[in-house]
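Here is how the chains run, residue by residue.
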Amino acid sequence: MKIQFSAGGIVFKRIGDKTEILVSQHSQHHGWVFPKGLIGDHVEKENKEETALREVKEEAGVNGKITRALNPITYWFVMDSEKIRKTVYYFLMEYVNGDISKHDHEMEAVVWLPKEKVEERLTYESDKTVWKEAKNLI
Ligand code: ATP
């Protein structure tokens, strides 16, 4: 059994009285998710907030400003016949600047969705759980 820790962002953007949320489609497993990545994988001694901001920029093309931490989620998967338990620390982030068309290859699509459409788009139950928490705070 292996344990992994990742960090990512639920980014919101206000347009008048509407709120849009950044959601992306993973290039490998094709699930609709929030951008995230392994903590300490690319940059040594990077903390989870720094990882979350960097991954949002790389995978989704935008800069966010963290407004608060959300409750971590945990899920299991199997890779090369090894069981992996992954905990993901998501942060609620307000959109600052940047362009979703500038995302890297890890996501095959990045979109802004109206707040009301996010839950039905998300692929995984644990993401729906953290989204429910985030939605009540936005
Ligand atoms: P990271 O973005 O943390 O670097 P990754 O992109 O390499 O990770 P994951 O997105 O964690 O990988 O996907 C690994 C496996 O877990 C895939 O099989 C995927 O379908 C599954 N998975 C991804 N997110 C979830 C989730 N929230 N709940 C359950 N299974 C998930």
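K.L.:
Give me the lowdown on the pattern of salt bridges, citing residues and values where you can.
P.N.:
Scanning the entire structure with this criterion turns up five salt bridges. Between Lys 102 and Asp 99 there is a salt bridge; the shortest N-O distance is 3.6 Å. Linked through salt bridges whose partners overlap, the residues forming this network are Glu 46, Arg 54, Glu 55 and Glu 58.

K.L.:
Just give me the short version of the site of the ligand, but keep the residues and values in it.
P.N.:
Taken together, Ser 6, His 26, His 29, Lys 36, Gly 37, Leu 38, Tyr 75, Phe 77, Lys 86, Tyr 124, Ser 126 and Asp 127 make up the full set of residues adjacent to the ligand. His 29 is positioned with one of its side-chain polar atoms (N or O) 3.1 Å from an oxygen atom of the ligand. Residue Lys 86 places a side-chain N or O atom 2.6 Å away from an oxygen atom belonging to the ligand. Here the ligand, which alone exposes 620 Å², has 76% of that area covered by the protein. The cavity where the ligand resides is the largest pocket.

K.L.:
Explain the environment of Tyr 124 residue by residue, including any values.
P.N.:
When you line up the elements, Tyr 124 lands in the loop between helix H2 (118-121) and helix H3 (125-137). It is 15 Å that separates the C-alpha atoms of Tyr 124 and Arg 85, two residues lying 39 residues apart in sequence. For Tyr 124, the residues in contact, after removing those within four places along its chain, are His 29, Gly 31 and Val 33. Polar contacts involving the side chain of Tyr 124 include one to the side chain of His 29, which spans 3.1 Å.

K.L.:
Residues and numbers for the packing of aromatic side chains, please.
P.N.:
Aromatic rings in a pair are described by how distant their centres are and how their planes are angled relative to each other. Within this structure, the stated rule accounts for five aromatic pairs. Between Tyr 75 and Phe 77 the ring centres are 6.0 Å apart and the planes differ by 35°, which places this aromatic pair in the tilted class. What makes Phe 77 partly exposed here is its relative accessible area of 23%. Taken together, the aromatic side chains of Phe 34, Tyr 90 and Trp 131 make up a single cluster linked through ring pairs. Sitting above the plane of the Tyr 95 ring, Lys 13 keeps its charged end 5.0 Å from the centroid. Stacked on the ring of Trp 76, the Lys or Arg Lys 83 has its end atom at 4.8 Å from the ring centre.

K.L.:
Lay out unusual backbone geometry with the relevant residues and their values.
P.N.:
The backbone phi angle of His 30 is positive, close to 65°, even though this residue is not glycine. Looking at where His 30 falls in the secondary structure, it is placed in the loop between strand S2 (18-26) and strand S3 (32-33).

The rules we used
- Residues numbered from 1 in each chain as written.
- Predicted model: local features only at pLDDT ≥ 70, side-chain atom pairs only at ≥ 80, totals over all residues.
- Heavy atoms only, no water.
- Salt bridge = Lys/Arg side-chain N within 4 Å of Asp/Glu carboxyl O.
- Near = heavy atom within 4 Å.
- Polar contact = N/O pair within 3.5 Å; in protein donor to acceptor, adjacent residues only side chain to side chain.
- Areas by Shrake-Rupley, 256 points an atom, 1.4 Å probe, with all protein chains shown as cover.
- 1 Å grid on protein atoms, 1.4 Å probe; cavity = no way out; pocket = protein on both sides within 12 Å on 5 of 7 lines; lining within 4 Å.
- Sits in = over half its atoms within 2 Å of the grid points.
- Helix = DSSP H or I, 4+ residues; strand = E, 2+ residues; numbered from the N terminus.
- Contact = heavy atoms within 4.5 Å.
- Phe/Tyr/Trp six-rings, centres within 6.5 Å; stacked < 30°, edge-to-face > 60°.
- Buried < 20%, exposed > 50% of the residue type's maximum accessible area, 1.4 Å probe, protein only.
- Lys NZ or Arg CZ within 6 Å of the ring centre and 35° of its normal.

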